[in-house]
Each structure stands twice: as C-alpha cells, then as structure tokens.
2 protein chains.
Amino acid sequence: MTGLRERQKAGRRRDILAAASQLFARNGFADTSVEAIAALAEVGTGTVYNYFSSKGDLLMALVALDGEQVRARGKRFIAGRHADPATALYGLLAIYIDHSLVHLTKELWRNAMATALTQADSPFGIGYFENDRLLAEQVGELVAVLQADGSLKSDIDAAQAGSALFIIVNGLFMQFVAQEKMPKTQLHARLRAQVALFVAGLSAETVLQRKRA
Amino acid sequence: MTGLRERQKAGRRRDILAAASQLFARNGFADTSVEAIAALAEVGTGTVYNYFSSKGDLLMALVALDGEQVRARGKRFIAGRHADPATALYGLLAIYIDHSLVHLTKELWRNAMATALTQADSPFGIGYFENDRLLAEQVGELVAVLQADGSLKSDIDAAQAGSALFIIVNGLFMQFVAQEKMPKTQLHARLRAQVALFVAGLSAETVLQRKRA
DNA sequence: CTCCAAAATAAAGTCAATTCACATTTCAGG
DNA sequence: CCTGAAATGTGAATTGACTTTATTTTGGAG
C-alpha cells in the first residue's frame, strides 16, 4: 500500500507546501513566484502544478492545514466548563481568530479569501467553504451544550444560531484583515460586543416582561 | 472650469465603464480582456489604466454605482411604515440583496469581492468597504426608528445592531455567490430566519420570564 | 534483471494584465 | 495666432502565471 513511490509523493507534496509556507510568510503572496517556490522545494515549476492547480490553491492548502487544528482546539474548548453563555461563545470564537493569525498574515488571509471566492468550485475552494461550514456546526454544538445547561433558550435551532454566530466572526475577521491598520484588540472588542448583543437579542419583549415582573 | 479637456475626460471615463459593463455582463469577468474593453470604448489599452488602476478596479467602480442606488432605495424604505420589527429589518436587507443581483451576476460578485480584498487599500477597494459601512449605518437607522416605535429594545446601541445585521446579510450573500447552484429563494429564506433569530435573541431570560408571567 | 507506466523535468510556448517610452493633444501666456 | 509645458493617449514590451511537450527517471511487477 505505502510503497516508496507514494511516500516520495507525499514527501514532495510536503516539501512544496513547506517551501510555499516559508516564502509566503517571508515575502507575502504577491511577491512570491511559483518558480521561487519550486526552486526552494527543489522541483521543477511544472511539478508544483502536478500537486496544486494554482498558486492560490497552494495558499488554500496551507489554510486547510490550520483548519483541522482549529477545529480540534474548538472541540476541546467545548468539552470544558462554561460560565455565562456570552463568555463561552466569545471564548470559542476568539480561539478561531487567534489561531487564524498564528501562521498567516493579513495579506495572506486576504489572498486566501480572494482565491476561495474566485476558485469557489476547485477542490480547495470547496474545502475552504467546507471548513467554514464545519466551524459553524461546531459553534452550533456549543450552543446546544449551553441549551442543555439551561443557559440558553431551548426552543431555538442550535445549528442556525451557530451559523449566525460564525457568520459574525467571519464578517468581523474579514473587516479586520481588509484593514491593515486595525489592531487585533479592536477585533476582539467588537466580537465580544456583537456576541453579547446577539445573545441578548433586540426584541422589546424582554423589556416589557421585565417591567411586568 | 469645464474645458474641453475635462469634458473629454469624463466622457472617456463613461465610455470605458460602459464598455466594461457590457462585456462583463456578456462574457463574465475572467473572459473579458482589458484589450477588448479598450477596443469597445475606442481607446488604447494604456488609456484604460489612466482611468482605472486594474481590471478589478473597473468592476468595483461598477459595483460602486449600484451602491449609491441601493442606499437611496433603502432610505425610501426606512421612511415608510413598518409592522413587526423582524419583517421590517428583513424587508430592508432583502432590498440590498435584490438590488445587488439586478446588474451583477454571481461570477461578477465573486470577482468584485475578491478584488476588494486583494486591493483593499486602492481607492476603489476603500470605496467598496466604505459602501458596506454606509449600508450598516443605514440598517442602524432603521433599528433606531424601530426603537423609537417601541418595537425594539431602546437600551441597545442601534449602530452596533445595524452592523451585526449587515454582517449577517453580507455573510449570507457571500455564501450565496460562492455557490453557483444556490437559488435566490434559499438565500431569502435563510436571511428571514437569521433576522428573526437575531431579533429574538438566544438568552434564556425571556423564557424564564415567560414562565413567571 | 528487464521492462512498463507513472511521474518528474526542463524548456519552450501561450496568454493576458500591467507598464513604459514615446507621440499627440490641450491650453496658458505672450 | 504661436509656442512649449503639462497632461493625456498609445501600443509595443515586459512580466509572471500557467500549459504543453518531448525526454528522462524510477519504483515495482513479472
């Protein structure tokens, strides 16, 4: 099954990815040529295209690696103890943000998102959005846990709430990477506020009931 | 003031934009070359770059035109009568979606978003995000109106709620354009559900209070 | 050990966006 | 009317992603 050939193939794939990761990190996406990646990985430029269908695919593959890790971290977080729901939800979403910025810069994220959009139906483009879907699902799991606690209303669709919350982090994150100057602290502050707002809701009903009580 | 030079310049700009609009609509973004746009506008290819700094900028300029229109429509909507808050908010956000799809296809939106990300600091890139900001602000205005009605809690920050709601439409819209097969009806259904959820909130408080009442 | 098919390779080529050195045009001041 | 900057137009040259091809390497089956 795992003949020498397959191992070599996997090894070469790793080499190319490692070279890309290194050069993207050092010089940015735009200033890294596929030729340079090939040279660093000690393969021909054509070989790079045997493994990845475009320069953008290479970047999305790097993003995908982080995707698996972040889901694992999220899973562990969910399994822990949780106090109030807004803090718990913010905690999970903050993990996503923080993990995203360990290996990738804003410029790389901008390009990764742009590639995911323009190549939305390539394997890695699909993978990108699939990762988003899985993360939204994971947020939904935390919502369900909090519902079981009695910390959150039980009559709402946990998956849908997860989806909404994930869209919010994602949107805030996108604004964050789009503006080179925006500091991470501001992103976190916004996220915390938006989560709190979402948990509380906008409806006047609560207020009326408070008055009645 | 308006010498020949300025008039010609404005005219040429319009010609280039009109040519781009026509070709993008007919052949899509990827299959339209700058050379073809220049030819249709009857200018040299270099001239196109005197007016727009990239092919993507050209597309973002078209998006910006629609941006002004949609804000005007939104303004009129807000000035009208509103029944329940979820319907009102959904109504406004649905205008954004529907208007967005009048002139631009999914493929064009994908490329517009991708360009806005990669050229986030070019004039049109800034304009793109500025438009988003203005729309979020407009949603905030509707929230404020509904607060004045007593339809929504008055102790929340209207601007922040507007921002959250806009991020949600935007996120749903992005998922919509990323998946060529997803029908508009599904986008609307999701939006309606998410808005309802957001208005209601997740907090268990309401339920507890209901029980007490 | 031999041969085959898969995979790698280098080189040359395609293609389209973007740039640039030069040509043309406008217009202010004489 | 001229005239010469300054602004603008132009298309050929550049660039880099991606493809194609002809050739070579090599793991592994027989």
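Computed from a predicted model, the values in this text were never measured in an experiment.

A. Structural view of the environment of Tyr90(A). All names here are of chain A. Mapped onto the fold, Tyr-90 is located in helix H5 (residues 85-103). For Tyr-90, a relative accessible area of 11% corresponds to the buried category. In contact with Tyr-90, other than residues within four places in its own chain, are His-188, Leu-191, Arg-192 and Val-195.

B. A look at the UniProt feature "domain: HTH tetR-type" (unreviewed entry) in chain A. Listed under "domain: HTH tetR-type" (unreviewed entry) in the UniProt record, and renumbered for this structure, are residues 10-70 of chain A. End-to-end, the C-alpha atoms of residues 10-70 of chain A are 23 Å apart, and along that stretch the chain is 79% helix and 0% strand.

C. Local environment of the domain arrangement of chain A. Residues and elements named next belong to chain A. Splitting chain A by domain gives domain 1 (1-51) and domain 2 (55-204). Just the C-alpha atoms count here: the centres of domain 1 and domain 2 sit 29 Å apart. Opposite the 14 residues of domain 1 that make contact, domain 2 presents 11 residues. Buried area between domain 1 and domain 2, summed over both chains or domains, comes out near 1100 Å², and the portion from carbon and sulfur atoms is 78%. Ranking the residues of domain 1 by area buried against domain 2 places Leu-17, Phe-24 and Phe-29 at the top, with a combined share of 56%. Connecting domain 1 to domain 2 are 0 salt bridges. When contributions to the side of domain 1 that touches domain 2 are tallied by element, the ones reaching two or more residues are helix H1 (4-27) and helix H2 (34-40). Top contributing element to the side of domain 1 that touches domain 2 by residue count: H1, with 7 residues. Across the side of domain 1 that touches domain 2, the residue classes tally to 10 nonpolar, 3 polar and 1 charged.

D. Expanded view of the relation of the copies chain A and chain B. When chain A is fitted onto chain B, the two copies agree to an RMSD of 0.2 Å after a turn of 179 degrees and an axial shift of 0.1 Å. The two molecules are tied by a two-fold rotation axis, judged by turn and shift. Taken together, the interface assignments show that 98% of the residues at the interface of chain A recur at the interface of chain B, consistent with an identical surface on both copies.

E. Highlighting the UniProt feature "DNA-binding region" (unreviewed entry) in chain A. Within the UniProt annotation, "DNA-binding region" (unreviewed entry) is assigned to residues 33-52 of chain A. Structurally, residues 33-52 of chain A comprises 70% helix and 0% strand, and the distance from its first C-alpha atom to its last is 14 Å.

F. Just helix H6 (residues 106-118) of chain A, in detail. With 13 residues, H6(A) extends 18 Å between its outermost C-alpha atoms, agreeing within 8% with the 18 Å of an ideal straight helix rising 1.5 Å per residue. Those residues of H6(A) that sit buried are Lys106(A), Leu108(A), Trp109(A), Arg110(A), Asn111(A), Ala112(A), Met113(A), Ala114(A), Thr115(A), Ala116(A) and Leu117(A).

G. Layout of the interface of chain A and chain B. Between chain A and chain B, the contact holds 42 residues from the first and 42 residues from the second. When chain A packs against chain B, the two sides together hide about 4100 Å² of surface, and 68% of this comes from carbon and sulfur. Connecting chain A to chain B are 0 salt bridges. Where chain A touches chain B, the interface holds 6 residue pairs in polar contact (both at pLDDT 80 or more). Counting residues per element, the ones that place at least two in the side of chain A that touches chain B are H6, helix H8 (158-178), helix H9 (184-200) and helix H10 (205-212) of chain A. If you tally residues by element for the side of chain A that touches chain B, the top one is H8(A), at 12 residues.

Cut-offs used in this document
- Residues numbered from 1 in each chain as written.
- Chains lettered and ligands numbered in written order.
- Predicted model: local features only at pLDDT ≥ 70, side-chain atom pairs only at ≥ 80, totals over all residues.
- Heavy atoms only, no water.
- Helix = DSSP H or I, 4+ residues; strand = E, 2+ residues; numbered from the N terminus.
- Buried < 20%, exposed > 50% of the residue type's maximum accessible area, 1.4 Å probe, protein only.
- Contact = heavy atoms within 4.5 Å.
- UniProt positions renumbered as here; feature names shortened; annotations may be inferred.
- Domains from an automatic or database assignment.
- Buried area = accessible area lost by both parts, 1.4 Å probe.
- Salt bridge = Lys/Arg side-chain N within 4 Å of Asp/Glu carboxyl O.
- Nonpolar A, V, L, I, M, F, W, Y, C, P; charged D, E, K, R; others polar.
- Least-squares fit on C-alpha atoms with pLDDT ≥ 70 in both.
- Expected span 1.5 Å × (residues − 1).
- Polar contact = N/O pair within 3.5 Å; in protein donor to acceptor, adjacent residues only side chain to side chain.

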